[in-house]
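The residues making up each chain are set out below.
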Amino acid sequence: YATGPGTKVAAPPHADAQGVLVLQTCGSQRWRVWDGRPFYASELNTKLTAGKGAPLTLEEPFLDVILKEGDALYAPAGWPHATSTLEDTSVHLTLGLDHAIFGLDRFSL
């Protein structure tokens, strides 16, 4: 993903159905990650799609960091996260770690 400088909301708060591994390749980007625990199997679909279609109301983030070139970050499946940029253009790679399809999540063990 490439984001121009000074973008206050590059990605609004949302959760993903897979774990997200972020590799910052150029510039810097602010990442805020909220704790997605605990949730139960009955809440799985709701938690993994949070923020997609309806805005989330969240408290203080669990993690609030600026990723710089060469940094990495992991956000587990179901943990809401949001990004913004400061004065630099940001380029990062996002790798989706889709462990649930292989039955490697806590609901399949």
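All of these numbers come straight from a predicted model, not from anything done at the bench.

(A) Highlighting the overall build of the protein. Within the protein one finds 1 helix and 8 strands. Shown N-terminal to C-terminal, the secondary structure of the protein runs as helices and strands in the order β-β-β-β-α-β-β-β-β. Each of the 109 residues in the protein was classed as buried or not, and the buried ones make up 30%. Here the contacts in the protein between residues at least 6 apart in sequence split such that 91% fall between residues at least 24 apart. Within the structure as shown, the protein displays about 6,600 Å² of accessible surface, and the carbon and sulfur contribution to it stands at 58%.

(B) Summary view of the pattern of salt bridges. Taken as a whole and assessed by the stated rule, the structure comprises 1 salt bridge. The residue Asp64 makes a salt bridge to Arg30 at a minimum N-O spacing of 2.6 Å. With Asp64 in strand E5 (residues 63–68) and Arg30 in strand E4 (residues 28–33), this pair connects stretches of sequence that are 34 residues apart.

(C) Main features of the environment of Ile66. As for its position among the elements, Ile66 is in strand E5. Placed 20 residues apart in sequence, Ile66 and Leu86 show a C-alpha to C-alpha distance of 9.2 Å. For Ile66, the residues in contact, after removing those within four places along its chain, are Ser28, Gln29, Arg30, Asp71 and Leu86.

(D) Quick look at the sheet that holds E4. Taken in spatial order, the 4 strands of this open sheet run E2-E7-E4-E5, and their pairing is antiparallel. The sheet is open, and its two borders are formed by strand E2 (11–14) and E5, each paired with just one other strand. Each strand of the sheet is rotated relative to its neighbour by a mean of 20 degrees, with strand direction disregarded. Pairing of E4 with strand E7 (residues 81–84) involves 4 bridges; the strand directions are antiparallel. Across the sheet, the residue bridging to Val33 is His81, located in E7.

Analysis parameters
Residues numbered from 1 in each chain as written. Predicted model: local features only at pLDDT ≥ 70, side-chain atom pairs only at ≥ 80, totals over all residues. Heavy atoms only, no water. Helix = DSSP H or I, 4+ residues; strand = E, 2+ residues; numbered from the N terminus. Buried < 20%, exposed > 50% of the residue type's maximum accessible area, 1.4 Å probe, protein only. Contact = heavy atoms within 4.5 Å. Areas by Shrake-Rupley, 256 points an atom, 1.4 Å probe, with all protein chains shown as cover. Salt bridge = Lys/Arg side-chain N within 4 Å of Asp/Glu carboxyl O. Pairing = 2+ DSSP bridges. Axes fitted to C-alpha atoms, helices over the stretch in contact; angles between N-to-C directions.

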